[in-house]
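Secondary and tertiary structure notes
Take a look at the letters that make up each chain.
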Amino acid sequence: MDNITHTLAGALLGQMGLKRRSRFAMAACLLGANAPDIDVFAPLAFPVDGIEFHRGPLHAVFAWPLLAAAIVAILWLLDRLRPGGPDALPFRTRPLFVVAFLAVLTHPFLDWLTTYAIALFAPVSWRWYSGNAIFIIDWVYWLLMVVGISWSAVRWRRGSPRAGRPAQIAGLLMLGYIAFNLGESARIERAAAATLRARGIEPTLIVAGPPPFAFWERNIQWRSADRFGSGSFDLTDGLVIDARSDPLRLDDPQLARAEARSRRIRSFLVWSRMPIVVNVDGKTYLSDQRFYGPLRSRSIPAGIRRFFSGHAFLVPLDNGRSSS
């Protein structure tokens, strides 16, 4: 997800009542909800590529308690440097660790819900997991969280009883919305698999992810052992699996040569759940079907398709430079 969503999720936790657990608990909520994304700076200090490392080890289960502990250590130091006044909440290390840990958990959970996926057990395993349920920026999330946070914040300032109740209700509504979308994606993926099998095609992977804005629709990307195709689902036409399919072309000699000479290509292949080799304007590229296909779908507004037409995770195979 985007970092606005992550920050709102941390603020929502705090307004639910966790901010009263310790001094700096609200700060722990906000820091924890964003902490795993410090991996975007890793390529500046280490010989790693962002496309492989992002949503990898620092989003994985082994990092969660370490990130929470680091947040507590930073806030402990701040508490020593700037002691609170007589009316301040006491600094409670254990409750603060629990708060920070819960905030950290929101981050991989929200990221898992998108089609981009996370490497949940990296670096032990580089298998990528995805719920395929929520677009990377979701307006329903924002609406629910902004209302819940604002309403509870006003109630906290007024000293109202059960001041965190609006934020708690917003959190429950979010979980219901997430459950609906998880179920919808799973249902459409099962229906797509049945349709493909009726055509004599055995799918190896199907991703039914929502487009921007219209969370009730789905862009469908499927692949078999040697081909890939697409489809869509909306309330008007129902499930539509396009008749056209194209070869994966993963045996293309250009890919083998580029993989041997380019770390960028190798990193892309570690990250990509649905790699394909495509020709665009006479040039050969490595891409990922999840992001190559939807930008050509009628479910995506034309303006967005045009804006991203040159940035659909396309990696040239002739010189190893990336245009993504």
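The structure we're discussing is the one just above.
None of the values given here were measured: they were computed from a predicted structure.

The rules behind the values
Residues numbered from 1 in each chain as written. Predicted model: local features only at pLDDT ≥ 70, side-chain atom pairs only at ≥ 80, totals over all residues. Heavy atoms only, no water. Buried < 20%, exposed > 50% of the residue type's maximum accessible area, 1.4 Å probe, protein only. Helix = DSSP H or I, 4+ residues; strand = E, 2+ residues; numbered from the N terminus. Pairing = 2+ DSSP bridges. Contact = heavy atoms within 4.5 Å. Axes fitted to C-alpha atoms, helices over the stretch in contact; angles between N-to-C directions. Parallel < 35°, antiparallel > 145°, perpendicular 65-115°, else oblique. Left-handed = near helix turned anticlockwise from the far one by under 90°. Nonpolar A, V, L, I, M, F, W, Y, C, P; charged D, E, K, R; others polar. Expected span 1.5 Å × (residues − 1). Arc of directions from axis to C-beta. Polar contact = N/O pair within 3.5 Å; in protein donor to acceptor, adjacent residues only side chain to side chain.

With that settled, the discussion passes to the pairing of strand 6 (residues 283-288). In the case of a regular strand, side chains alternate between the two sheet surfaces. Judged by how many residues are buried, strand 6 sits mostly within the fold: five of six residues are covered. Judged from the six bridges that link them, strand 5 (residues 275-280) and strand 6 form a sheet pairing that is antiparallel. Within the sheet, the bridge partner assigned to Pro 275 lies in strand 6 and is Asp 288. Where strand 5 folds back on strand 6, the antiparallel hairpin that results is connected by two residues, among which Asp 281 adopts a positive phi of roughly 55°. By the bridge criterion, two bridges tie strand 6 to strand 7 (residues 315-316) in an arrangement that is antiparallel. Residue pairing for strand 7: Leu 286 is matched across the bridge by Val 315.

This paragraph deals with the sheet that holds strand 5. Taken together, three strands build an open sheet; the order of strands is 5-6-7 and the sheet is antiparallel. Of all the strands in the sheet, the pair left with one neighbour each is strand 5 and strand 7. Each of strand 5, strand 6 and strand 7 touches helix 10 (residues 263-271); the most contacted strand, strand 6, lies at about 40° to it.

It is worth spelling out the packing of helix 5 (residues 64-81) against helix 6 (residues 93-112) at this point. Contact geometry for helix 5 and helix 6: axes closest at 8 Å, N-to-C directions at 130°. With respect to their mutual orientation, helix 5 and helix 6 come out oblique. For the pair helix 5 and helix 6, the crossing hand works out as right-handed. Taking contact as the criterion, the partners of Trp 64, Pro 65, Leu 67, Ala 68, Ala 69, Ile 71, Val 72 and Leu 75 in helix 5 are, on helix 6, Thr 93, Leu 96, Phe 97, Ala 100, Phe 101, Val 104, Leu 105 and Pro 108. Partitioned by chemical class, the residues of the contact of helix 5 with helix 6 number 15 nonpolar, one polar and no charged.

We now examine the sheet that holds strand 2 (residues 218-223). The strand order across the open sheet formed by four strands is 1-2-3-4, and the pairing between neighbours is antiparallel. The open sheet has two edge strands with one neighbour each: strand 1 (205-209) and strand 4 (238-247). When strand polarity is set aside, the average angle formed by the axes of neighbouring strands in this sheet is 15°. Taken strand by strand, helix 8 (residues 165-198) contacts strand 1, strand 2, strand 3 (227-234) and strand 4, and its axis lies near 135° from that of strand 1.

This brings us to helix 7 (residues 139-158). For an α-helix, 3.6 residues make a turn, and residues three or four places apart therefore share a direction. Across its 20 residues, helix 7 extends 29 Å between first and last C-alpha, which sits within 8% of the 28 Å expected from 1.5 Å per residue. Looking at helix 7, one finds that the buried residues are Val 140, Tyr 141, Leu 144, Met 145, Gly 148, Ile 149, Ser 152 and Ala 153. Down the axis of helix 7, the buried set is contained in an arc of 165°. They therefore lie on one face. For helix 7, the exposed residues lying more than 90 degrees away from the buried face are Trp 151, Arg 157 and Arg 158. Looking at the buried side of helix 7, the elements it contacts are helix 1 (3-16), helix 6 and helix 8. For helix 7, the N-terminal capping position is held by Asp 138, with its side-chain oxygen 3.0 Å away from the main-chain nitrogen of Val 140. Trailing helix 7 by a residue or two, Gly 159 shows a phi angle of about 70°, which is positive.

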